[in-house]
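Report on the structure
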Amino acid sequence: MSGKHKKQARSAGTRADEAARLADSLQAISRVLRQAAYSEAQRLPFGLTAPQLLVLRVLYRAGVEDPDERGLTLTELSRQVGLAHSTVSGIVTRLERAEIVARRPGEDRRETRIALASGARAWIAEQLPKRRRAPLAEALSRASEADREAIVRGVAALERLL
C-alpha cells in the first residue's frame, strides 16, 4: 500500500472513530433530556410512567396531524408505540381513569378512538418541552459565551450535513 493510501485509510478510520464518539455523545445527551421529561412526569399527581408518556406523545402527534382530533384506535396506537395491544389497553385505561385521555366513539359503532384530554394536550405542548430542555439550558448556562457559540454552530453544522 502506498503512503497516500495508508494516509487515506488512517483518515477514514479516524472519521469512523469520531463518528462513533459523536453518536455515543448524542445518545447520552438524548437520554439525559428524555430522563428529565420522565422524571418530571413522575412527579405529577398522577405519576406518569415512561410507556404512558410515550402513549401521550403519540396521541399528541396524531392530534397535531389531524385537525379534527378524532384520535387513534387502540390497534393504531399499539402499532405506533410498538407495544402489545393488551399492554397499551392497560395504559389507556389508567390514563383514562386519570382523565388524561378519553375514549370516543369511532365512525362505526364497533370502533373506539382514543384522544388526549384538553388539559393533557396543553401540558404536552407547553410544559413537557420546557422540562425536557431544562438540563440543556442548565448546562449551557455554565458554559462560556465562546463555548455556547461553538456548540450552537457545531450542532447546526452537523444538522445541515445530515
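Here, the structure is the one placed above.
A brief structural summary. (Residues numbered from 1 in each chain as written. Predicted model: local features only at pLDDT ≥ 70, side-chain atom pairs only at ≥ 80, totals over all residues. Heavy atoms only, no water.)

1. Quick word on the overall build of the protein
Using the following cut-off: Labels follow the DSSP assignment, with helices taken as runs of H or I lasting at least four residues and strands as runs of E lasting at least two, numbered in each case from the N terminus. Accessible area is worked out with a 1.4 Å probe on protein chains only. A residue is then buried under 20% of its type maximum, exposed over 50%, and partly exposed in between. The contact rule is simple, with two residues in contact once any of their heavy atoms fall within 4.5 Å. In these tables, accessible area is a Shrake-Rupley quantity obtained with a 1.4 Å probe, and a residue counts as shielded only by the protein chains included in the view.
If you tally the helices and strands in the protein, you get six helices and three strands. The helix and strand sequence of the protein, counted from the amino end, reads α-α-β-α-α-β-β-α-α. Per-residue burial for the protein yields a buried fraction of 27% across its 162 residues. Looking at the protein alone, contacts between residues at least 24 apart form 51% of all its contacts between residues at least 6 apart. As displayed, the protein has an accessible area near 11000 Å², and 54% of this comes from carbon and sulfur atoms.

2. Details of the sheet that holds strand E3 (residues 112-116)
We count it as follows: Two strands qualify as a pair provided that DSSP identifies no fewer than 2 bridges between them.
Across the sheet, three strands lie side by side as E1-E3-E2; this open sheet has antiparallel pairing. Strands at the two margins of the open sheet, each flanked by one partner only, are strand E1 (72-73) and strand E2 (101-105). Where E2 lies against E3, five bridges are found, and the strand directions are antiparallel. Looking at the pairing, Val101 lines up with Leu116 of E3.

Function cannot be read off these values alone, since they describe shape.
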